[in-house]
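Overview (structure and organization)
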Amino acid sequence: DIYALGVILYELATSQLPFNADNFMGILTQHMYKAPTPPRALVPAPDCPPALEAVILKCLQKKPELRYQSMEELGADLQRVKDGGVPLAVAEMMGRSGGFSVPHDFFKPKAIVPATPSSSRKPWPTYVWVAGAAVAVGLVVAIFAIAKNTTASTTVPTATPQSTAVAGATTTAPSATATAAPVKKTSVALGATPKTAKAYRDGKTFDLPIVVEVEEGKPIAIEIKADGYDPQKIELDGSVQSKEIDLKPTLKGPRPTGTGTKPAKPCKRGSGDIVNPWDCK
């Protein structure tokens, strides 16, 4: 409920939703893994002050333990925003994210700075200057002694690049090995109908929906199962960013043949010629 209210506050402050995409799976993936754009990046500061932005971003944290733990806490912080105070969310958001900042003079009145500040500091005593000069002379002597010892030390020969003769030609070995190219991966959001469906891969079970990381050239085989439905095997190769599987219900019993009508049930007769009409079909 607090996350949902954060989405509503975001829309009220910016006139747009925090996440949007062309399909349901794209929106769901952003809600699960993507941080929302800060409201102050979308609207002018007067329309969404830093205090309100901090409250909204705390409501939209991905981990439940990082959000407000009750509506009372959220209501108290919103009241602080209304009263012009500093909500508790400001300090938390500044500590969690380097992207959240507050103007230094936003929550306090601006101080009046004198045009020509007076200089009342007394000059340092003479003994301080003498001590500093002595230290400087000592450093110069030490540096000169170190430089002299370094010059007298044995000169280390410069290493020459290794050469390898191949078919009469000389080639110089490279000084460093080439860095391996980064592996390209694609995040694929996978969902299924019905909601009870689960994904199975390499003997492990996963709840749906999930996001699968697919390396280029290494497709992943997954089986989707649900009670009462025919299982379906799929292969994710990273060519699409989302995939929705619709399982088909399993037909129970023998399949119908012909017209599908049941044979007539014989009527039960009573004594004599009396027939029970409710026992005939």
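Please refer to the structure placed before this passage.
In this report, the structure presented in the accompanying data block is examined. (Residues numbered from 1 in each chain as written. Predicted model: local features only at pLDDT ≥ 70, side-chain atom pairs only at ≥ 80, totals over all residues. Heavy atoms only, no water.)

Looking now at the nonpolar core. Grouped together as the largest cluster of nonpolar side chains are 17 residues, with contacts concentrated most on L190, L208, I222, I224 and L236. For this core, the secondary structure elements donating two or more residues are β3 (185-193), β6 (210-215), β7 (220-225) and β8 (232-236). If sequence neighbours within four positions are ignored, L236 has contacts with V188, L190, V212, V214, P219, I220, I222 and K243. Within the second largest apolar cluster, 11 residues are counted, among which are L9, A13, L52 and I56. (Core = buried A, V, L, I, M, F, W, Y, C linked by side-chain atoms within 4.5 Å. Buried < 20%, exposed > 50% of the residue type's maximum accessible area, 1.4 Å probe, protein only. Helix = DSSP H or I, 4+ residues; strand = E, 2+ residues; numbered from the N terminus. Contact = heavy atoms within 4.5 Å.)

Spatial ordering of the open sheet is given by β5-β4-β7-β8, a layout of 4 strands whose pairing is antiparallel. Strand pairing shows two members of the sheet lacking a second neighbour, β5 (204-207) and β8, which therefore form its edges. Neighbour to neighbour, the strand axes of the sheet diverge by 35° on average, direction disregarded. Alignment of β7 against β8, held across 5 bridges, turns out to be antiparallel. Along β8, the bridge assignment pairs I224 with Q232. (Pairing = 2+ DSSP bridges. Axes fitted to C-alpha atoms, helices over the stretch in contact; angles between N-to-C directions.)

Below, the discussion takes up the pattern of salt bridges. According to the stated counting rule, one finds 8 salt bridges in the structure shown. The shortest N-O distance in the salt bridge between E92 and K58 comes to 3.0 Å. One end of the pair, E92, is in helix α5 (residues 88-96); the other, K58, is in helix α3 (residues 50-59), and 34 residues separate them in sequence. Taking the relative accessible area as the measure of exposure, K58 reaches 5% and is therefore buried. In this structure, K225 engages E223 in a salt bridge whose closest nitrogen and oxygen atoms are separated by 3.9 Å. (Salt bridge = Lys/Arg side-chain N within 4 Å of Asp/Glu carboxyl O.)

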